[in-house]
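Tertiary structure, described
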Amino acid sequence: MIQIQNLHFGYRRKKVFTGLNLQLQPGHIYGLLGKNGTGKSTLLKNMAGLLFPDEGSVNVLGFAPEKRQPAFLQDIFMVPEEFFLPDIPIEHLVKYHAPFYPKFNDDQFNRYITEFDIPRSNTLQKMSYGQKKKVLISFGLACNTSVLLMDEPTNGLDIMSKSQFRKVMAGCIDETKCIVISTHQVKDLENLIDRITIIDEGKILFDQTVENITRKLSFHISFDNEEIKQALHREASLRGSAVITRNVTGEESKLDLELLYKAIILNGNAIHSVFNA
Amino acid sequence: MNSFFDFNRWVLYTSKHWNENKKKYLLSLGAIGGLLILWYSFLILITRDNPMGENIQMVTYYVGFNLIGCLFASLMFADLNEGASAIHFLMLPASAFEKLLTGILFSLVLFFVSYTLVYYVVDYAIVKWISTIAAETGHYTKADYGFTSKVVNVFVAPPDMGENLYLYIMLACIGVQSMYLLGSVYFVKYNFIKTMVSVLVIFLAFVFFVHKVISLFMPYGAFFEPFSVYRVFNGDKGDLAIRLPEWLNSICLFLFKYSLAPVMWVATYFRLKEKEVNA
């Protein structure tokens, strides 16, 4: 569905990608994680055709995104971190924007709007930042495009909204869609994504399915000094130490995304050795 | 699906554009009307002779048309100035050609129609008002002042000025406005000023090229009419005029008159296609 081969991209003074390869398949919610400025948004923009590769190729749904053909644009939707919505009522957004997306579903949109508790009386510009973002997320989901790109979708959302977001997202994935969520707020995506891709310094540092991760790694709190010492990654907390160890029992534990992210950034070799074995 | 142009999609895009911008456009028309009233009021206050002479009406129409038209054209693709709105604009499923066509429709065609309409509403009202004052008080009626109560037809030039004069002025205005349309896609910020400076620089470079570079290769002389004749100055034997063949002159003149705006639109189209969102 999305194939990126040998992607080279840079801004005027800064190289961002030098030979990046990535393949994303339908039926998954991908979590694109990484520090600020590591190229997550740049990668999404390359996928959306908003930036053009210097070298290499990006292929999305069989299209070259940089051509921005209408057939491509009507099957991809992007929720950017900094977004724009015109000053019109929600009804007009549906009336004038939805016809561009053949798979748009009115009922679905209304359901999300209700779920997110968004007042319908205001025009979009009179809404708060969080409310506007939720309208955009609802619209993007209701478009039912094959590819949905979300850049830091939970930024600016309050605690309740984040939980509503996770609930809404969990119900919208099917085998035809590919959703890519880029974020540095890894906690917000726990239990939501099924494949984790970590970018650092313009390179793919880690790329595994959640299933594979929980099969090979164990995340738990440990009070056993010996286990803590031998853990692949450890982090002291008030109630014991949070550790990542090899999963030797075969019993799957709950993935601690933040801990895994830190482990890969700080102690990548140890984690990789488990997956390369 | 046609990737270049689909009429239904274009209609859809145009209605979306109108819906999102109608408030702004209608307010702008109100502002244009207000500016015209202010300008005429100013003329009435400072002019002792006829403030609504045919020439004044004509100049007001064309200067206003060009200045406001350029400003309007330079704002046409203002969405591209800022990352968030640029993403909204570029990701909307319509082709670059359809987006450009809507831009041309609003910034040139509909602007021309609505500006002319507003101009005539204000012009008619002011001329009638002035005529009433003139009839009641005798102001502005001295023969020297050439008083007229006529609402001028801005599309028909007086016979002594050449019948196509206003057509050429209009074409030049549309050409210049099209340059500003290109500027609104080409420049990220301060489009209006940057376009103005660029046009000036290109014009000066052209003048420099004609007068300083070409003259190096030509005998002592100068261009006339404006470039179809080169007169070689020769004090002893008399001047020699070298004239372009009529057919070539006609082609050049035709291209000069009619190709400026389309060339700018083609450039805008390609610029729109290659636009990226770096912010």
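Here the structure is a predicted model, which is why all the values come from computation and not from measurement. (Residues numbered from 1 in each chain as written. Chains lettered and ligands numbered in written order. Predicted model: local features only at pLDDT ≥ 70, side-chain atom pairs only at ≥ 80, totals over all residues.)

In this section: helix H3 (residues 90–97) of chain A. Of all the residues in H3 of chain A, the buried ones are Ile90, Leu93 and His97 of chain A. All buried residues of H3 of chain A project into a common sector of 60° when viewed along the axis, lining one side. Buried residues belonging to H3 of chain A abut helix H4 (106–115) and helix H5 (129–142) of chain A together with helix H1 (7–46) of chain B. (Buried ≥ 20, exposed ≤ 12 C-beta atoms within 10 Å, placed from the backbone. Helix = DSSP H or I, 4+ residues; strand = E, 2+ residues; numbered from the N terminus. Arc of directions from axis to C-beta. Contact = placed C-beta atoms within 7 Å.)

On to the sheet that holds strand E4 (residues 55–60) of chain A, then. Residues and elements named next belong to chain A. One open sheet holds the 3 strands; their spatial order is E2-E1-E4, and the pairing between them is antiparallel. Strands with a single pairing partner mark the edges of an open sheet, and in this sheet they are strand E2 (15–24) and E4. Strand after strand, the sheet turns through a mean of 20° between neighbouring axes, direction not considered. Of the pairings in the sheet, the one linking strand E1 (residues 2–10) to E4 comprises 5 bridges and is antiparallel in character. Within E4, the position partnered with Ile2 by the bridge is Val60. Of the strands in this sheet, E1, E2 and E4 touch helix H1 (residues 40–48), which is tilted by about 120° from E1. (Pairing = 2+ DSSP bridges. Axes fitted to C-alpha atoms, helices over the stretch in contact; angles between N-to-C directions.)

Time to look at the nonpolar core. In terms of nonpolar packing, the biggest core is built from 113 residues, with Tyr30, Met47, Ile76, Met78, Leu149, Val180 and Ile181 of chain A touching the most fellow members. Among the elements that line this core, the one with the most residues is helix H4 (residues 96–137) of chain B, at 9 residues. Three or more residues apiece are contributed to this core by two domains, here domain 1 (2–201) and domain 2 (211–276) of chain A. (Core = buried A, V, L, I, M, F, W, Y, C linked by C-beta atoms within 7 Å. Domains from an automatic or database assignment.)

Another point: the interface of chain B and chain A. Contact with chain B, which involves 22 residues of that partner, is made by 25 residues of chain A. When residues of the side of chain B that touches chain A are traced back to their parent elements, those giving at least two are H1 and helix H3 (83–91) of chain B. In terms of residue count, H3 of chain B provides more of the side of chain B that touches chain A than any other element does, 7 residues in total. By residue class, the composition of the side of chain B that touches chain A is 10 nonpolar, 8 polar and 4 charged. (Nonpolar A, V, L, I, M, F, W, Y, C, P; charged D, E, K, R; others polar.)

Turning our attention to the sheet that holds strand E9 (residues 203–209) of chain A. All names here are of chain A. One open sheet accounts for 6 strands, arranged E5-E6-E7-E3-E8-E9; its pairing is mixed. Strands at the two margins of the open sheet, each flanked by one partner only, are strand E5 (76–79) and E9. The average angle at which neighbouring strand axes cross in this sheet is 15°, direction not considered. Bridge count for strand E3 (residues 28–33) against strand E8 (residues 195–200) is 4 bridges, and the pairing is parallel. Counterpart to Tyr30 in the pairing with E8 is Arg195. Against the sheet, H1 touches E3, E5, strand E6 (147–151), strand E7 (178–183) and E8, its axis set at about 150° to E6.

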